[in-house]
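# Examining the three-dimensional arrangement
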Amino acid sequence: MAIWKRRADAAEMQARFEGSLPGLFGIRIIEVGEDFIRAEMPVDERHVQPFGILHGGASVVLAETIGSMASTLTLEEGRRAVGLEINANHMAGVPKGEVVTATCRPLHLGRTTQVWQTEIRRSDGRLACVSRLTTAVVEPRG
């Protein structure tokens, strides 16, 4: 059974990226499952550190993008999710020219907080990064 309480359409989610950091980074939603979101991001000059490998901050942008989106999709209309904390552990370098794939799944779906884990993998399937995002569930103001 799907965990989504809002329409979880990859194309609609992708359209929200235009003109924002995820769009500038080339993040692309490729699949929405019953309890996960999967996205891709190229590793090019926008994403690498001076040694030519994926910058850890770019991995965090990818993880927070899909984690925040996933968190919002589990909420009733009129509620929203905001990031409280994110961390990332980097296991393997990703050279410029590759594409990474990120899969985000919930660890905890509470009434006031949620925790999401994202695994980012290299083209060869090797785990490059694991990130955990905690969101707060809030009522919008105004």
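Residue numbers here run from 1 along each chain, matching the order of that chain's written sequence. For this predicted model, a pLDDT threshold of at least 70 governs which residues receive local features, and a threshold of 80 or more governs which side-chain atom pairs are given and counted, while totals over whole chains, interfaces and linings are taken from all residues. Values shown for side chains rest on all heavy atoms present in the structure; no hydrogens or waters enter the calculation.

## Concerning the pairing of strand E4 (residues 99-109)
The cut-off we apply is this: Two strands pair if DSSP finds at least two bridges between them. Only runs of H or I of at least four residues qualify as helices and only runs of E of at least two qualify as strands under DSSP, and these elements are numbered from the N terminus.
Across 6 bridges, the pairing between strand E2 (residues 37-42) and E4 is antiparallel. When the bridges of E4 are listed, Arg38 appears paired with Thr103. For E4 and strand E5 (residues 113-121), the ladder comprises 8 bridges, and the chain directions are antiparallel. Across the sheet, residue Arg105 finds its bridge partner in E5, namely Gln117. Adjacent in sequence and paired antiparallel, E4 and E5 are bridged by 3 residues.

## What to know about the environment of Trp4
What counts here: Think of it in three bands: with a 1.4 Å probe and only protein chains considered, a residue is buried below 20% of the maximum accessible area for its type, exposed above 50%, and partly exposed in between. Residues are treated as being in contact if the distance between any of their heavy atoms lies within 4.5 Å.
Following the sequence through the fold, Trp4 ends up in the segment before helix H1 (10-15). Residue classification places Trp4 among the buried positions, given a relative accessible area of 14%. Note: C-alpha distance between Trp4 and Ser71 (67 residues apart in sequence) is 8.9 Å. Setting aside residues no more than four positions away along its own chain, Trp4 makes contact with Val32, Gly33, Glu34, Asp35, Phe36, Ile37, Ala70, Leu73, Thr74 and Trp116.

## Side note on the sheet that holds strand E6 (residues 127-138)
For clarity, the threshold we go by: Note on geometry: axes are lines fitted to C-alpha atoms, helical ones only across the stretch in contact, with angles between N-to-C directions running from 0 to 180 degrees.
Read across the open sheet, the 6 strands follow the order E1-E2-E4-E5-E6-E3; overall the sheet is antiparallel. Of all the strands in the sheet, just strand E1 (28-32) and strand E3 (80-90) have a single pairing partner and so form its edges. Strand-to-strand twist in this sheet, taken as the mean axis angle between neighbours without regard to direction, amounts to 25°. Relative to E2, E1 runs antiparallel, the two being bridged by 4 bridges. Paired with Arg28 across the strands is Glu40, a residue of E2. On the sheet, helix H3 (residues 56-73) packs against E1, E2, E3, E4, E5 and E6 and is oriented at approximately 145° with respect to E3.

## Re the packing of aromatic side chains
Counted only if it meets this: Two rings from Phe, Tyr or Trp (for Trp, the six-membered ring) form a pair when their centres are within 6.5 Å of each other. A pair whose planes differ by under 30 degrees is stacked, one over 60 is edge-to-face, and the rest are tilted.
All told, the structure shown has 1 aromatic pair when counted by the stated rule. Judged by centre distance (6.4 Å) and plane angle (5°), the ring pair of Trp4 and Trp116 falls under stacked. Here Trp4, found in the segment before H1, pairs with Trp116, found in strand E5; they are 112 residues apart in sequence, far enough to count as distant. Each member of the pair, Trp4 as well as Trp116, carries the same accessibility label: buried.

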